Amino acid sequence: MTRKINLDLSSVENREMRLGSIISWDGSASELAEASNYDIRGQKRTGEGGGCAGKKGPGCKLCELNMPFNQQTMCNHSIVGCQVGNIPDCILIEHSPIGCSAIHPRFNLGYRIGLMRRGKEVKNLQIVSTNLLERDMVFGASDKLRRSIRDAYERFNPKAIFISMSCSTAIIGEDIESIAMEMEGELNIPVIPLFCEGFRSKHWSTGFDISQHGVVRQIVNKNPQKQKDLINIVALWGTDYFTELLKPLGLRVNYLIDMASFDELAQASEAAATATFCHTLGSYMATALEEKYGVPQVNASQPYGFAGTDDWLRAIAKIMGKEEIIEEYIASEHARVLPKIQELREKLKGIKGFVSTGSSYAHGMISVLRELGIEVNGSIVFHHDPVYDSGHTEQNTLKHLVDNYGDIEHFTVSKTQQFQFYGLLKRVNPDFIIIRHNGLAPLAAKVGIPAFAMGDEHFPVGYDGIIRVGEALIEILARKKFNQVLQRHVKLPYTDWWLSQADPFILAKHPEILEEGKQ
Ligand code: SF4
């Protein structure tokens, strides 16, 4: 069988190369699902379908709109910071100029809130920067890195040290792998090189894969003692709603990798299964654990809405050999939550929503809104993976959304581009937006649309998640008047010409407009 994840190599192939991920597209959800050709691409990943990635021959790529510029973005070096930089008893050393660490205050806030949500000791991030200067760029900075590793070891006594590459250290060719091996021998703890220089990938989500790759390669227990009641949930900083959801199946949850301790990460290979709240985030680690340690991953969509949660619980019950109890559990949960959901549907009648989040998470979020009877005819995802690492058709979340909840007319892929956001919102004119990557939320507020910044990503999970979202939306919609007042007093920083454009992708289709504008 073809191996999907190569743990022999220290570096990870980018998502755009591995999965054919794109960052710019405009059309309906059903068109994107069809163009993605998940099944064929999945067969390629599982080695069943030969060499073609799509219909047009070897290497066929999902077509994307080429925008002439990016207004702003994150990079996978940053994502590594908010992943392995969030392991309480380990240290991350960023081998980079200090500017690459500028996002730490925001990450620190997220980390502290996350620790609080999980009932863990609240503390600050422990990330060290080698603070590269001009001189280091000319003469190299390997000794500075060695010194930083020794200092971090003495000062923090970590159980493992990660080293992250940046654009600058990649340009001057710093050999962090050799230094990591040398220091691992000296300190006798895992020292893990992560090749996450920002220009490596056009989408930040490659940083999730790089972080998970390092953990599975060098932290996970290589001689696992199986724990039959342990389930890995690849997650971020969300509240622990999974324990309650999985309790009837007699399962204990092991969250990976944010806020997990070294020992919790190590036991990932001992679990009975791996699941996730979002395949965009979790598919790489789940597939790596499955291939390397035989930990089966949950072959289902995601636990959102009735259809998704039912399928997800059934798939877990199948792995655990608990199929005889699952139907009764599902039926009793439906009966418990339905009266409240009917009440919310009445209150939310005639409301139109817009979802702007990471890729497969948006598929789940839209399912929840449609369960609540909310119209959704527009959405932005920040990138799109035409297939996930497992290649399993049961995990095709976009198809699951379209098949179970219908099409979305304007389903856009755009990487947090403020200047496009105005046109995308105007096109569908929603009553509210749900958003992650909150930098975009103020723009919605300025055009009179209340924004629900979904900080706790587990909020919509499971049957109770439908109720949680419905109740929160009633509070969010009550702010509409405030946003309308705000709109009257705010001027957007764009020209009237740009604000009057009907097509937010006109610059991709006619880049010559930019040249004409300069004349
Ligand atoms: S790694 Fe590169 S892209 Fe990322 S913050 Fe540093 S310079 Fe910017």
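Residues numbered from 1 in each chain as written. Predicted model: local features only at pLDDT ≥ 70, side-chain atom pairs only at ≥ 80, totals over all residues. Heavy atoms only, no water.

For the protein chain, an unreviewed UniProt entry supplies the name Nitrogenase and the organism Aminipila butyrica.

Visitor: Which residues make up the sheet that holds strand S1 (residues 24-27), and what are the values?
Guide: The strand order across the open sheet built from six strands is S1-S11-S10-S9-S12-S13, with neighbouring strands paired in mixed fashion. Each edge of the open sheet is held by one strand with a lone partner, namely S1 and strand S13 (451-453). On average, adjacent strands in this sheet sit at an angle of 15 degrees to one another, irrespective of strand direction. Judged from the four bridges that link them, strand S9 (residues 352-357) and strand S12 (residues 432-435) form a sheet pairing that is parallel. Bridged to serine 356 within S12 is isoleucine 435. Against the sheet, helix H18 (residues 418-428) engages S1, S9, strand S10 (375-381), strand S11 (410-414) and S12, with an angle of about 155 degrees to S9. (Pairing = 2+ DSSP bridges. Helix = DSSP H or I, 4+ residues; strand = E, 2+ residues; numbered from the N terminus. Axes fitted to C-alpha atoms, helices over the stretch in contact; angles between N-to-C directions. Contact = heavy atoms within 4.5 Å.)

Visitor: Please give an account of the UniProt feature "domain: Nitrogenase/oxidoreductase component" (unreviewed entry) in the protein chain that cites residues and values.
Guide: The sites that UniProt annotates as "domain: Nitrogenase/oxidoreductase component" (unreviewed entry) are residues 75-475. The span residues 75-475 shows a helical share of 47% and a strand share of 14%, and its end C-alpha atoms are spaced 34 Å apart. (UniProt positions renumbered as here; feature names shortened; annotations may be inferred.)

Visitor: Kindly report on the packing of helix H16 (residues 359-371) against helix H17 (residues 397-405), identifying the contributing residues and their values.
Guide: Remark: H16 packs on H17, axes separated minimally by 9 Å, with the N-to-C direction vectors making an angle of 15 degrees. As the angle between them shows, H16 and H17 are arranged roughly parallel. Crossing hand, H16 versus H17: left-handed. Counting all contacts with H16, which are made through Ser360, His363, Ile366, Ser367, Arg370 and Glu371, the residues of H17 involved are Thr397, Leu398, Leu401 and Tyr405. Counted by class, the contact of H16 with H17 contains four nonpolar, four polar and two charged residues. (Parallel < 35°, antiparallel > 145°, perpendicular 65-115°, else oblique. Left-handed = near helix turned anticlockwise from the far one by under 90°. Nonpolar A, V, L, I, M, F, W, Y, C, P; charged D, E, K, R; others polar.)

Visitor: Give me the lowdown on a negative patch on the surface, citing residues and values where you can.
Guide: On the surface, a cluster of negative charge is contributed by Glu31, Glu34, Asp407 and Glu409. Within the secondary structure, glutamate 409 sits in the loop between H17 and S11. (Patch = residues over 30% accessible without salt bridge, like charges linked within 9 Å, V, L, I, M, F, W, Y side chains within 5 Å. Areas by Shrake-Rupley, 256 points an atom, 1.4 Å probe, with all protein chains shown as cover. Salt bridge = Lys/Arg side-chain N within 4 Å of Asp/Glu carboxyl O. Lys, Arg positive; Asp, Glu negative; His and termini not counted. Charge placed at Lys NZ, Arg CZ, Asp CG, Glu CD.)

Visitor: Break down the nonpolar core for me, citing the residues and quoting the values.
Guide: The biggest cluster of nonpolar side chains holds 144 residues, and the ones touching the most others in it are Phe162, Ile233, Leu246, Trp312, Leu313 and Phe421. Three or more residues apiece are contributed to this core by two domains, here domain 1 (76-198) and domain 2 (230-312). Contact partners of isoleucine 233, with chain neighbours within four places excluded, come to Phe242, Leu246, Val253, Asn254, Tyr255, Leu256, Ala275, Thr276 and Trp312. Counting 16 residues, the second largest nonpolar core, distinct from the first, contains Ile93, Ile149, Met165 and Ala180. (Core = buried A, V, L, I, M, F, W, Y, C linked by side-chain atoms within 4.5 Å. Buried < 20%, exposed > 50% of the residue type's maximum accessible area, 1.4 Å probe, protein only. Domains from an automatic or database assignment.)

Visitor: Explain the site of the ligand residue by residue, including any values.
Guide: In the neighbourhood of the ligand, the contacting residues comprise Cys75, His77, Cys100, Ser166, Cys167 and Gly198. Along the lines of polarity and charge, the residues of the shell around the ligand split into three nonpolar, three polar and no charged. (Near = heavy atom within 4 Å.)

Visitor: Explain the packing of aromatic side chains to me, using residue names and the numbers behind them.
Guide: Per the stated rule, a full pass over the model turns up twelve aromatic pairs. Considering the side-chain rings of phenylalanine 419 and tryptophan 498, the 5.5 Å spacing of their centres and the 40 degrees angle between planes classify their relative orientation as tilted. Residue phenylalanine 419 is located in helix H18, and its partner tryptophan 498 is located in helix H22 (residues 496-499); the two are separated by 79 residues in the primary sequence. Here tryptophan 498 falls in the buried class, since its relative accessible area comes to 10%. Pairwise contacts between aromatic rings join Phe69, Phe419, Trp497 and Trp498 into one cluster. When the ring centre of tyrosine 255 is taken as origin, the NZ or CZ atom of arginine 118, which lies over that ring, is 4.0 Å away. (Phe/Tyr/Trp six-rings, centres within 6.5 Å; stacked < 30°, edge-to-face > 60°. Lys NZ or Arg CZ within 6 Å of the ring centre and 35° of its normal.)

Visitor: Quick rundown of the pattern of salt bridges? Include the residues and the values.
Guide: Under the definition given, this model contains 29 salt bridges. Here aspartate 209 and arginine 15 are joined by a salt bridge, their closest N and O atoms 2.8 Å apart. Taken as a pair, aspartate 209 in helix H10 (residues 206-218) and arginine 15 in helix H1 (residues 15-18) lie far apart in primary sequence, 194 residues in all. A relative accessible area of 0% means that aspartate 209 is categorised as buried. One salt bridge in this structure joins arginine 336 and aspartate 464, with 2.8 Å as the shortest N-O distance.

Visitor: Explain the sheet that holds strand S2 (residues 91-95) to me, and be specific about the residues and the numbers.
Guide: Within the open sheet, the four strands sit side by side as S3-S2-S4-S5. Their pairing is parallel. Of all strands in the sheet, those bounded by a partner on one side alone are strand S3 (127-129) and strand S5 (191-194). For this sheet the average axis-to-axis angle between neighbouring strands, irrespective of direction, equals 20 degrees. Bridge count between S2 and S3: three bridges; the pairing is parallel. Bridging from a neighbouring strand, isoleucine 93 pairs with valine 128 of S3. Running over the sheet, helix H9 (residues 176-187) touches S2, strand S4 (161-165) and S5 and is turned about 170 degrees from S5. Across the sheet, H10 lies against S4 and S5, angled at about 150 degrees from S5, the strand it touches most.

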